[in-house]
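Inside the fold
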Amino acid sequence: YRAETVDLDVTDGSVSTNGSADYDVGLTVGWAGVDAQDTLISANPASGVVADGVDTSEITVTVRDTYWNRIPGIAGANVVLEVDLTDGATIVQPVDATDLNGDTSGTIASTIAETKTVSVRVNGNPMDNSVGVIFVPGDAAYLTVESDTATPTAGTPFNVTIRAFDQYDNPKVD
């Protein structure tokens, strides 16, 4: 079930091509069609990506057929990344065709700290696999201070809550 080119030696019992390159017959077995279940998608890194719109995760798609043969030569325009939560997300689509390993890559960035799920379409068809990318808040840019009472009175206990946020209003918790 491998897509490959092999040389065949032929014999009919009296004539043999064994060992003679002059008479070898080349046979090329092509790939089966793109398989939605066996096509893979991965993220690097998959977590800890700062939600600043600049930090990115590389999304790699490995296009395979049903026999796990990697399929080269699929135009980058035919490998389309999609994201479930589009707010704050920036996707750079693959440009290059799939290489000899069946791989092509794009990137994702975000300004919202959350997990974004990235999926892929190949030749217009959705693939079964997806990958999550965890975006985290950037450095603290400002603080908010809130009291549990509208007007605290001297000598009366009250609580104060201080929260830190990054430049895109993502709360910092660490």
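Before reading further, recall that the structure is shown in the block above.
What counts, and where the lines are drawn
Residues numbered from 1 in each chain as written. Predicted model: local features only at pLDDT ≥ 70, side-chain atom pairs only at ≥ 80, totals over all residues. Heavy atoms only, no water. Phe/Tyr/Trp six-rings, centres within 6.5 Å; stacked < 30°, edge-to-face > 60°. Helix = DSSP H or I, 4+ residues; strand = E, 2+ residues; numbered from the N terminus. Buried < 20%, exposed > 50% of the residue type's maximum accessible area, 1.4 Å probe, protein only. Pairing = 2+ DSSP bridges. Contact = heavy atoms within 4.5 Å. Salt bridge = Lys/Arg side-chain N within 4 Å of Asp/Glu carboxyl O.

Before going further, it helps to examine the packing of aromatic side chains. According to the stated counting rule, one finds one aromatic pair in the structure shown. With a centroid separation of 5.3 Å and an interplanar angle of 15°, the aromatic rings of Y142 and F165 are classed as stacked. Linking Y142 in strand 11 (residues 142-147) with F165 in strand 12 (residues 160-165), this pair joins segments that are 23 residues apart in sequence. Looking at F165, the relative accessible area reads 15%, which means it is buried.

Burial along strand 9 (residues 115-122) is one-sided: K116, V118, V120 and V122 are buried, while T115, T117, S119 and R121, pointing the other way, are not. Taken together, the seven bridges between strand 9 and strand 10 (residues 125-136) define a ladder with antiparallel strand orientation. Paired with V122 across the two strands is N125, which belongs to strand 10. As consecutive antiparallel partners, strand 9 and strand 10 are separated by two residues, and within that stretch N123 has a phi angle of approximately 55°, a positive value.

In a beta sheet, neighbouring strands are held together by backbone hydrogen bonds and run either parallel or antiparallel to one another. Taken together, three strands build an open sheet; the order of strands is 11-12-13 and the sheet is antiparallel. Each edge of the open sheet carries a strand with a single partner, namely strand 11 and strand 13 (171-172). Judged from the six bridges that link them, strand 11 and strand 12 form a sheet pairing that is antiparallel. Residue pairing in the sheet places S147 in a bridge with V160 of strand 12.

Take T60: it is sitting in strand 5 (residues 57-62). Classification of T60 by relative accessible area gives buried; the value is 17%. Distance in space between the C-alpha atoms of T60 and G106 is 6.7 Å, their sequence separation being 46 residues. In this structure, T60 is in contact with L40, I41, S42, D103, T104 and S105, ignoring residues within four places of it in sequence.

Attention now moves to the pattern of salt bridges. The full count for this structure, using the stated rule, is three salt bridges. K116 serves as the salt-bridge partner of E114, at 2.7 Å between the closest nitrogen and oxygen. The closest approach of N and O atoms between E146 and R163, which form a salt bridge, is 3.2 Å. With E146 in strand 11 and R163 in strand 12, this pair connects stretches of sequence that are 17 residues apart. Exposure remark for E146: the relative accessible area of 41% places this residue in the partly exposed category.

Geometric descriptors of this kind do not, in isolation, establish any biological role.
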